[in-house]
Amino acid sequence: MRTVVLGASGEIGAALVRRLRDSGIDVLAAHRSTGVDAYTGAGLEAAFAGADVVVDCTNVTTTNAAKAIDFFGTVARKVSAAADAAGVGRVVCLSIINAADPEVNAKFGYYQGKAAQEQAYRDALPAERLTVVRSAQWYELARQMMGSLRLGPVAAVPHMRCRPLSSDDAAAALADAVRHRPEHDIEVAGPEVLDLADIGKAIARRAGSPRWVVGVRVGGSAIRDGGLVPDDPTIVTTTTLQQWLDEEFAA
């Protein structure tokens, strides 16, 4: 099986590439520095030649709805067209649990982009050639937020009630979806319902920095009050926040 991973330089893409290669799968790790730009379409058809599966792990850092919708929708359309031209059998798209729910994404531009991505893929590809793997938020997201929303000893993390998991566990679910064609889309979530702000505080306590972590109200009440929590996820991972912290901060 030959697999192309788009966005392979990102955290989840890199973890997926390692897992697939460890299981003996021939993987092309595709990103802009390798001459493949999923947004412009440059290099896609050549990269997809002979591929059985394409995995879309592309990402853009923005909270602007117009930018997110343009990026994710454009990538989905370009990837779908290139996959058709190259005769790729299946596309696997990484998305976010409930991001396509209008009540959840109404005030969160990034999630509107993910909703546009899912719709663009559904419009372009038949169901038997498309698998959407929707993940809950990763523990690592809180650390990322603290890095970008920090002023001296104070960092902010959005209140997001979710069922988080490690990015490595999310990569494992993606790898399974590549190796074993699922009959339906997949939802993967962690073992506990937590607030992302509390995860940030736990990380700060273990790291000793920042000194203060403040939870902020952004994105609307649905994000804060459980709209991101899945009713019945397909896969429930076992790595708790405490276990992830112990591994991340092991001496």
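Thresholds, definitions, all that
- Residues numbered from 1 in each chain as written.
- Predicted model: local features only at pLDDT ≥ 70, side-chain atom pairs only at ≥ 80, totals over all residues.
- Heavy atoms only, no water.
- Helix = DSSP H or I, 4+ residues; strand = E, 2+ residues; numbered from the N terminus.
- Contact = heavy atoms within 4.5 Å.
- Polar contact = N/O pair within 3.5 Å; in protein donor to acceptor, adjacent residues only side chain to side chain.
- Buried < 20%, exposed > 50% of the residue type's maximum accessible area, 1.4 Å probe, protein only.
- Lys, Arg positive; Asp, Glu negative; His and termini not counted.
- Salt bridge = Lys/Arg side-chain N within 4 Å of Asp/Glu carboxyl O.
- Phe/Tyr/Trp six-rings, centres within 6.5 Å; stacked < 30°, edge-to-face > 60°.
- Pairing = 2+ DSSP bridges.
- Right-handed = clockwise from strand over helix to strand, strands pointing away.
- Expected span 1.5 Å × (residues − 1).
- Core = buried A, V, L, I, M, F, W, Y, C linked by side-chain atoms within 4.5 Å.

> Can you help me understand the environment of T62 in this one?
Relative to the helices and strands, T62 resides in the loop between β3 (53–56) and α3 (65–86). Considering only alpha carbons, one finds T62 and D52, 10 residues apart in sequence, at a separation of 31 Å. Excluding its chain neighbours within four sequence positions, the residues that come into contact with T62 are K67, A68 and Y110. Here the side chain of T62 touches N64 through a polar contact of 3.0 Å, landing on its backbone nitrogen.

> Which parts of the structure should I look at to understand the side chain of R224?
Inspection of the secondary structure puts R224 in helix α9 (residues 221–224). No salt bridge is formed by the buried R224, whose closest oppositely charged neighbour, D225, lies at an N-O distance of 5.0 Å. A distance of 3.4 Å separates a polar side-chain atom of R224 from the backbone oxygen of G220. Sequence-distant contacts of R224, that is, excluding residues within four places in its chain, are made with H159, R161, R217 and V218.

> I'm lost on the packing of aromatic side chains in this one. Help?
How two aromatic rings sit relative to each other is set out by the distance from centre to centre and by the angle between their planes. Going through the model one piece at a time under the given rule, you end up with 6 aromatic pairs. Between Y110 and Y111 the ring centres are 6.2 Å apart and the planes differ by 55°, which places this aromatic pair in the tilted class. As far as burial versus exposure is concerned, Y110 and Y111 are alike and both buried. Here the aromatic residues Y39, F71, F72, F108, Y110 and Y111 are joined through ring pairs into a cluster of three or more.

> Even after reading the chapter, I still don't get the pairing of β3, so can you show me in this structure?
Residues in a regular strand point their side chains to alternate faces of the sheet. Here β3 shows two buried faces, one formed by V53 and V55 and the other by V54 and D56. The pairing of strand β1 (residues 2–6) with β3 spans 4 bridges and is classified as parallel. Looking at β3, one finds that V5 is bridged to V55. Relative to strand β4 (residues 90–96), β3 runs parallel, the two sharing 4 bridges. Bridge pairing in β4 links D56 to C93. One crossover worth recording links β3 to the parallel β4 by way of α3, and it is right-handed.

> Is there a simple way to think about helix α7 (residues 167–179) in this case?
Think of an α-helix as turning once every 3.6 residues; residues three or four places apart then point the same way. For α7, with 13 residues, the first-to-last C-alpha span of 18 Å sits near the 18 Å given by 1.5 Å per residue. Judged by how many residues are buried, α7 sits mostly within the fold: 10 of 13 residues are covered.

> Where do I start with the nonpolar core in this structure?
Most often, soluble globular proteins keep nonpolar side chains buried together rather than apart. Judged by nonpolar contacts, the single largest core of 54 residues is most densely connected at L6, L44, F48, V54, V79, Y111 and Y121. In terms of residues, this core owes the most to one element, α3, which gives 8 residues. Excluding anything up to four places from it in sequence, L6 contacts A30, V36, L44, F48, V54, V55, D56, C57, T58 and V79. V55, V133, V178 and V188 belong to the second largest nonpolar core, which has 30 residues in total.

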